[in-house]
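Notes for the structure review
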Amino acid sequence: MRDPLDLKGLNCPLPVLRTKKAMKSVPRGETLTVEATDPAAKRDIAALCETSGFTLLSAEERDGVFVFAIRQAG
């Protein structure tokens, strides 16, 4: 299992751009966990998944940190 992608403290558009870049190295069917503090990441990460074919497995907030589990297409 890979370490979470830590995007805490970054503001829009960096969380979604770095998530998109990181997903390029995730093998098909594998999952990436992303942690972000920017509230816009909730909307942006969901939109990225929808337009890129990734599956957003979960999106939750834990003590001000938004945690996303994203599965690579395939």
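Description of the structure in this document. Source: prediction; values computed, not measured. (Residues numbered from 1 in each chain as written. Predicted model: local features only at pLDDT ≥ 70, side-chain atom pairs only at ≥ 80, totals over all residues. Heavy atoms only, no water.)

**Side note on helix 1 (residues 14–23)**
Filter applied, for reference: Only protein chains enter the accessibility calculation, which uses a 1.4 Å probe. A residue is then buried if its area is under 20% of the maximum for its type, exposed if over 50%, and partly exposed in between. In DSSP terms, a helix is any run of H or I states spanning at least four residues, a strand is any run of E spanning at least two, and both are numbered starting from the N terminus. In this description, one arc is meant: the one made by directions from the helix axis to the C-beta atoms. It only takes one pair of heavy atoms within 4.5 Å for two residues to be counted as in contact.
Restricting attention to buried positions, one finds in helix 1 the residues Pro15, Val16, Thr19, Ala22 and Met23. Here the buried residues of helix 1 occupy an arc of 125° about the axis, which is enough to place them on one side. Along its buried surface, helix 1 packs onto strand 1 (5–7), strand 2 (31–36), helix 2 (40–52) and strand 4 (65–71).

**Comments concerning the pairing of strand 3 (residues 55–62)**
Put simply, the rule reads: Strands are treated as partners if at least two bridges between them are detected by DSSP.
Note that strand 3 and strand 4 share 7 bridges and pair antiparallel. Of the residues in strand 4, the one forming a bridge with arginine 62 is valine 65.

**What to know about the side chain of threonine 19**
Tracing the backbone through its elements, the reader meets threonine 19 in helix 1. Apart from residues lying up to four places away in sequence, threonine 19 is in contact with Leu5, Leu7, Val34, Ile45, Leu48 and Ile70.

**Brief notes about the pattern of salt bridges**
We apply this condition: Note on definitions: salt bridges are taken to be side-chain nitrogens of Lys or Arg within 4 Å of carboxyl oxygens of Asp or Glu.
One pass over the structure, following the stated rule, counts 4 salt bridges. Across the pair arginine 43 and aspartate 44 runs a salt bridge, and its minimum N-O distance is 3.3 Å. Residue classification places aspartate 44 among the buried positions, given a relative accessible area of 16%. Among the charged side chains, a network of salt bridges with common partners joins Asp6, Lys8 and Glu35.

These results come straight from atomic positions and should not be treated as a statement about function.
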